[in-house]
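Examining the three-dimensional arrangement
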Amino acid sequence: GTINANQGTVVLNAKGNVTDSGAITASTLTVDTTGAAGGTGAITLDVATTDADTINLTSGNNKDILYTDADGVDIGLLNSGTGSSTIHAGGSITQVGAITSASLLIDSTGPVTLENASNDVEQIAANVSGAGNGFSFKDADDLIVGTVGAISGIPTNGGDITESVATDLTVN
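A brief report on the enclosed structure follows. Remember, predicted model here, so these are calculated numbers, not experimental data.

Thresholds, definitions, all that
- Residues numbered from 1 in each chain as written.
- Predicted model: local features only at pLDDT ≥ 70, side-chain atom pairs only at ≥ 80, totals over all residues.
- Heavy atoms only, no water.
- Core = buried A, V, L, I, M, F, W, Y, C linked by side-chain atoms within 4.5 Å.
- Buried < 20%, exposed > 50% of the residue type's maximum accessible area, 1.4 Å probe, protein only.
- Contact = heavy atoms within 4.5 Å.
- Pairing = 2+ DSSP bridges.
- Helix = DSSP H or I, 4+ residues; strand = E, 2+ residues; numbered from the N terminus.

1. Re the nonpolar core
- The biggest cluster of nonpolar side chains holds 33 residues, and the ones touching the most others in it are L29, I55, Y67, I93, I106 and F135.
- The contacts of F135, once residues within four sequence positions are left out, are I106, V112, I124, A126, V128, I154, T156, D160, I161, T162 and E163.

Structure, rendered in structure tokens:
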């Protein structure tokens with residue numbers, strides 16, 4: 001089925017995994033699988049017609065996060081701990097809150113601006129396919145630009161790329 005809050009808020013809390021088979025539509029989508037006492041759930045929301053303006057995603061026990069949005073999305077919070085996070089978007093990707101993840105894969109047609117100084121990602125890869133759209137990312141400490149999933153490095157279609165880190169930047 002689908003969940004359609006239109007411009008309302010959708011909050012999903014679970015101690016286990018959260019998955020979808022139908023679209024979710026909301027102004028703000030919050031998913032938390034940490035549970036009240038030791039939740040262990042991954043988050044897999046990969047229906048291409050899902051559309052949230054802002055996402056707040058926290059997985060339990062360092063489980064992976066996969067999120068797909070039909071158009072642009074603003075990251076309020078993205079925390080998979082030492083797990084992997086993947087965001088696919090049919091438009092721009094921006095952020096207001098921090099991203100914490102061992103590996104981060106970004107796949108977007110629009111520009112990507114992830115410049116929160118509290119971001120803490122160990123390895124990143126991104127694909128920005130829209131002509132002239134750029135990619136910008138800040139990290140609180142060291143960062144490796146490498147391979148995450150099927151994407152290697154940070155290819156754009158003529159867009160600028162900016163990486164800013166507090167310590168070491170390694171390009172593999």
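2. Brief notes about the pairing of strand β4 (residues 24-32)
- Inspection of the sheet shows strand β1 (residues 3-4) paired to β4 by two bridges, in the parallel sense. Among the inter-strand pairings, I3 is bridged to a residue of β4, identified as I24.
- Where strand β2 (residues 9-13) meets β4, five bridges bridge the pair, whose relative direction is parallel. Counterpart to N13 in the pairing with β4 is D32.
- Sheet topology places β4 next to strand β6 (residues 51-58); seven bridges connect them, and they run parallel. By the bridge assignment for β6, L29 is matched with I55.

3. Quick word on unusual backbone geometry
- Positive phi, normally seen in glycine, also occurs at N6, with a value near 50 degrees.
- Relative to the helices and strands, N6 resides in the loop between β1 and β2.
- Its relative accessible area of 51% is what places N6 among the exposed residues.
- For N62, which is not glycine, the phi dihedral falls at a positive 60 degrees.
- Within the secondary structure, N62 is located in the loop between β6 and β7 (65-69).
- Residue class for N62 comes out partly exposed when judged on its relative accessible area of 39%.

Fair warning: the whole summary comes from geometry, so function is off the table for now.
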